[in-house]
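Structural overview for review
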Amino acid sequence: MDFKVADLSLADFGRREIKLAEHEMPGLMSVRKEYAASKPLRGAKIMGSLHMTIQTAVLIETLVELGAEVRWVSCNIFSTQDHAAAAIAVGPNGTVDAPAGVPVFAWKGETLEEYWWCTDQALRWPDGTPPNMILDDGGDATLLVHKGAEYEKAGAVPSATDEDPEEWHIIIDTLKRTIGETPGRWTEAAASIKGVTEETTTGVHRLYEMHKAGQLAFPAINVNDSVTKSKFDNKYGCRHSVLDGLNRATDVLIGGKVAFVAGYGDVGKGCADALKGQGARVIVSEVDPICALQAAMDGYQVTTLDEVVSIVDIFVTTTGNFNIITADHMAKMKHNAIVSNIGHFDNEIDMAGLAKVAEKTEVKPQVHTWVFPDGKQIIVLAEGRLMNLGCATGHPSFVMSNSFTNQVIAQIELFTKTEEYPVGVYVLPKHLDEKVARLHLDALGVKLTTLTKAQAEYIGVNVEGPYKPDHYRY
Ligand code: NAI
């Protein structure tokens, strides 16, 4: 079996934590039971690009139990939990000397070159064939296949320029090398893939853009916009893991401090709530008047970063947009201000600009001070990458069970009903969203009220649901 992880001897530790996580992931375990006999993913060759954590290990083993062949990478250079990767490589029935799990290419602290090498490895089965499904988080696997197919068709890979970010140079090099090795490979991959299920806001944004431009090569299910994903993982997940990231990285007392949250979408709402809960005075910035009004009514001061940059102790960017905190902003911050991002990509904070004006010292992995010429320093978490996965272990199992149950259902939909999904971007129907929620109620001791037939008729729904129209916003 081909794989690359940091340390296989961590597999037992990983397995013990996977066992604990399974108990906290009732949605995934129930899907395993429901499809144990029918194995709807038999024949599926799924390439997954999603943070290789303990929770993801339970997702991977669910896909395998449903019949799929799987190859996996992390979608971030810092987010792998090495014991989870080791346990997945060894597998439930393998040993460290005879690994028999899933080919996984992931370790904490990859370089960008290694990251794209891993993505390439997972997109190629040992017999040289491509996957027929992608499970993506942020869209990097989808991007590589699309760009590879586009450049193969054009007959040339364009060179990256000095203006392009470092990562784009690496992507271009990866494509030049792989097209050189196996001409036609990416075109074949794009044609073989029945669909992609996308986990996060940023990846979904990319998919809609590609579809609008007529460039999408296969159908996609937007898992992020299942209500049981974005209104739970993005919000309650971040409400938990933003504090975990701050605490493990700095252990600074949050109560009484001034915290700044850029963006008041689902992730911003969760982060602001968590910081408020710790007793911080939270200030929010927004560009959308609706979200700004929500933040104001939730009791937060809403203003621009420029107004308050010099009084803030803890910064968290949550926008999915770029250049939110610039090098100029960082130069104006307090001594030892903490600067962090929880959005998907690292470009929310201008790290390249910071490197031009300040000097970096490692405090410990994923925690750095940056000293300015006047002696003032700031603390940057996870080099500007998502701090909850870089400095801590991401969201807890229970909330990820909601997200990943949607992922499994979406994979089954696209793989088994391919002809019902012409190229486009879809969300799962509401009855499946409600099913995911239902699977998580017992574990929390929730007792649902059942509509009477007359009540159901009065509000115009079925007794068994769906209970809301598609336009309802929760
Ligand atoms: P969202 O679209 O609900 O919220 C983003 C908000 O930022 C929007 O309200 C938007 O108006 C605002 N915004 C955009 N540009 C801004 C600017 N220049 N200044 C201030 N506000 C601005 O998106 P969501 O779901 O909250 O996701 C945000 C990011 O977090 C995405 O990149 C997503 O992929 C990522 N994410 C990360 C997770 C993690 O565990 N680290 C979990 C879930 C999502």
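Because the structure is a prediction, the values reported are computed rather than measured.

Thoughts on the pattern of salt bridges
- Within this structure, the stated rule accounts for 22 salt bridges.
- With a shortest N-O distance of 3.5 Å, Asp273 and Arg239 are connected by a salt bridge. Separated by 34 residues along the polypeptide, Asp273 in helix α11 (residues 266–277) and Arg239 in helix α10 (residues 227–250) bring together distant segments of the chain.
- Looking at Asp273, the relative accessible area reads 30%, which means it is partly exposed.

Re the site of the ligand
- Near the ligand you find 25 residues, and of these Thr200, Thr201, Thr202, Glu286 and Ile342 are the closest.
- Here the ligand loses 84% of its free accessible area of 860 Å² to cover by the protein chains.
- Counting residues per element, the ones that place at least two in the shell around the ligand are α9 (201–212), α10 and α11.
- Broken down by class, the residue content of the shell around the ligand amounts to six nonpolar, 15 polar and four charged.

Let's talk about the packing of helix α6 (residues 140–154) against helix α7 (residues 166–181)
- At their nearest, the axes of α6 and α7 sit 10 Å apart, and the two run at 60 degrees to each other. Relative to α7, the element α6 is oriented oblique. When the axes of α6 and α7 are compared, the crossing they make is right-handed. Here α6 contributes Leu143, Leu144, Lys147, Gly148, Tyr151 and Glu152 to the contact with α7, which in turn contributes Trp168, Ile171, Ile172, Leu175 and Ile179.
- For the contact of α6 with α7, the class distribution of residues is eight nonpolar, one polar and two charged.

Brief notes about the UniProt feature "binding site: substrate" (unreviewed entry) in the protein chain
- Per the UniProt record, the feature "binding site: substrate" (unreviewed entry) sits at Thr53, Asp137, Glu199, Lys229 and Asp233.
- Within the secondary structure, Asp137 is located in the loop between β4 (133–136) and α6.
- With relative accessibility at 5%, the residue Asp137 sits in the buried group.
- With near-sequence residues (within four places) excluded, Asp137 lies in contact with Ser49, Leu50, His51, Cys75, Glu198, Glu199, Thr200 and His344.

Examining helix α4 (residues 82–90)
- Burial analysis of α4 places nine of its nine residues in the buried class, the great majority of the element.
- Buried residues of α4: Asp82, His83, Ala84, Ala85, Ala86, Ala87, Ile88, Ala89 and Val90, and no others.
- Lining the buried residues of α4 we find α1 (11–23), α3 (54–65) and β3 (104–105).

Remarks on the side chain of Thr303
- If you trace the backbone, Thr303 turns up in the loop between β9 (301–302) and α13 (305–308).
- If we ignore the near neighbours within four places in the chain, the residues touching Thr303 are Phe260, Ile283, Val284, Ser285 and Val308.

Concerning the sheet that holds β9
- Spatially, β9-β8-β7-β10-β11-β14-β13-β12 is the arrangement adopted by the eight strands of the open sheet, whose pairing is mixed. With partners counted over all chains shown, the strands left at the sheet margins are β9 and β12 (359–364), one partner each.
- Sheet topology note: the strand β8 (residues 281–285)/β9 ladder contains two bridges and is parallel. Bridge pairing in β9 places Ile283 opposite Gln301.
- Across the sheet, α10 is in contact with β10 (314–317), β11 (338–341), β12, β13 (367–371) and β14 (377–381); its angle to β14 comes to roughly 125 degrees.

Points about the pairing of β13
- Of all five residues that make up β13, four are buried, and the element is covered over most of its length.
- Pairing between β12 and β13: five bridges, direction antiparallel. Looking at β13, one finds that Lys364 is bridged to Val367.
- Between β12 and the antiparallel strand that follows it, β13, lie two residues; Gln366 among them carries a positive phi value of about 70 degrees.
- Bridging between β13 and β14 involves five bridges; their strand directions are antiparallel. Its bridge partner lying in β14, Thr369 is registered against Ile379.
- Linking β13 back to β14 in an antiparallel pair, the connection comprises five residues, with Gly375 at a positive phi of about 95 degrees.

Some thoughts on the environment of Phe3
- Relative to the helices and strands, Phe3 resides in the segment before α1.
- Along the sequence, Phe3 and Phe372 sit 369 residues apart, while their C-alpha atoms lie 42 Å from each other.
- Once residues lying within four places of it in the same chain are set aside, the contact partners of Phe3 are Leu8, Ala89, Pro99, Pro103, Val104 and Phe105.

Reading the values: the criteria
Residues numbered from 1 in each chain as written. Predicted model: local features only at pLDDT ≥ 70, side-chain atom pairs only at ≥ 80, totals over all residues. Heavy atoms only, no water. Salt bridge = Lys/Arg side-chain N within 4 Å of Asp/Glu carboxyl O. Helix = DSSP H or I, 4+ residues; strand = E, 2+ residues; numbered from the N terminus. Buried < 20%, exposed > 50% of the residue type's maximum accessible area, 1.4 Å probe, protein only. Near = heavy atom within 4 Å. Areas by Shrake-Rupley, 256 points an atom, 1.4 Å probe, with all protein chains shown as cover. Nonpolar A, V, L, I, M, F, W, Y, C, P; charged D, E, K, R; others polar. Axes fitted to C-alpha atoms, helices over the stretch in contact; angles between N-to-C directions. Parallel < 35°, antiparallel > 145°, perpendicular 65-115°, else oblique. Left-handed = near helix turned anticlockwise from the far one by under 90°. Contact = heavy atoms within 4.5 Å. UniProt positions renumbered as here; feature names shortened; annotations may be inferred. Pairing = 2+ DSSP bridges.

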